[in-house]
Amino acid sequence: QDGAEPSANSVSASNLLRLSHFTGRQEWLHKSQQLLAAFSDRLTRIPIALPEMVRALMAQHYTLRQIVICGQKDASDTASLQAAVNSCFLPFKLRDTEWWVCLNIKARRILSLLHP
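So, how was this worked out
- Residues numbered from 1 in each chain as written.
- Predicted model: local features only at pLDDT ≥ 70, side-chain atom pairs only at ≥ 80, totals over all residues.
- Heavy atoms only, no water.
- Helix = DSSP H or I, 4+ residues; strand = E, 2+ residues; numbered from the N terminus.
- Contact = heavy atoms within 4.5 Å.
- Expected span 1.5 Å × (residues − 1).
- Buried < 20%, exposed > 50% of the residue type's maximum accessible area, 1.4 Å probe, protein only.
- Core = buried A, V, L, I, M, F, W, Y, C linked by side-chain atoms within 4.5 Å.
- Axes fitted to C-alpha atoms, helices over the stretch in contact; angles between N-to-C directions.
- Parallel < 35°, antiparallel > 145°, perpendicular 65-115°, else oblique.
- Left-handed = near helix turned anticlockwise from the far one by under 90°.
- Nonpolar A, V, L, I, M, F, W, Y, C, P; charged D, E, K, R; others polar.
- Salt bridge = Lys/Arg side-chain N within 4 Å of Asp/Glu carboxyl O.
- Phe/Tyr/Trp six-rings, centres within 6.5 Å; stacked < 30°, edge-to-face > 60°.
- Lys NZ or Arg CZ within 6 Å of the ring centre and 35° of its normal.

An unreviewed UniProt entry lists the chain under the name Spermatogenesis-associated protein 20, with Ataeniobius toweri as the source organism.

Have a look at this one:
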């Protein structure tokens, strides 16, 4: 049950889903799905008891999307693109993503095409 702090199971479900999406490792997606399935009865009966796990379930259902902004960090066009993304309600977005680009296989491929 999630309290003031989310339960370890809820955080694990969310982290495994995000990591699988960022790295392309399907075994982590499968583990996240198994964890959510193990709690399916409780999620169905009393979802208010597990809000972080409901969030992970929603992320799995609605699929995470990637927005990659390439450009000079201080350039005005980069700032405009970041402002456009930040103006939208995207509940699973990451803000400072420099570390993420290093981990993300798809982003690395895009950057390698732009900066050979």
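Draft legend 1. The environment of Gln60, seen in detail. Inspection of the secondary structure puts Gln60 in helix H4 (residues 51-62). Between the C-alpha atoms of Gln60 and Gln33, which are 27 residues apart in sequence, the distance is 8.3 Å. Not counting chain neighbours up to four residues away, the residues in contact with Gln60 comprise Leu17, Gln33 and Leu36.

Draft legend 2. Fine view of helix H1 (residues 8-23). Its 16 residues place the ends of H1 22 Å apart at the C-alpha level, agreeing with the 22 Å of an ideal helix rising 1.5 Å per residue. Residues of H1 that are buried include every one of Ser10, Ala13, Ser14, Leu17, Ser20, His21, Phe22 and Thr23, and no others. Note on H1: the residue one or two positions beyond its end, Gly24, has a positive phi of about 80°.

Draft legend 3. Structural view of the nonpolar core. By size, the foremost hydrophobic cluster in this structure holds seven residues: Ala13, Leu35, Leu36, Leu43, Leu50, Met53 and Ala56. At the level of secondary structure, the elements contributing two or more residues to this core comprise helix H2 (26-38) and H4. With sequence-adjacent residues up to four places away left out, Leu50 is seen in contact with Gln1, Asp2, Ser7, Ser10, Phe39, Arg42 and Leu43.

Draft legend 4. The packing of H1 against H2, seen in detail. In contact at an axis separation of 8 Å, H1 and H2 are set at 155° when each is read in the N-to-C sense. Judged by the inter-axis angle, H1 sits roughly antiparallel to H2. In this structure, H1 meets H2 at a crossing whose hand is left-handed. Within the contact between the two elements, H1 uses Asn9, Ser12, Ala13, Leu16, Leu17, Leu19, Ser20 and Thr23 and H2 uses Trp28, Leu29, Lys31, Ser32, Leu35 and Leu36. Here the residues of the contact of H1 with H2 are counted per class, giving eight nonpolar, five polar and one charged.

Draft legend 5. The pattern of salt bridges, seen in detail. Applying the stated rule across the entire model yields three salt bridges. For Arg55, the salt bridge is made with Glu52, and the minimal N-O distance between the two is 3.4 Å. In this pair, Arg55 and Glu52 both sit in helix H4, three residues apart, roughly one turn of the helix.

Draft legend 6. Region of interest: the packing of aromatic side chains. Following the criterion strictly, the structure yields zero aromatic pairs and no others. Across the ring face of Trp28, the terminal group of Arg25 is positioned such that the distance to the ring centre comes to 4.1 Å.

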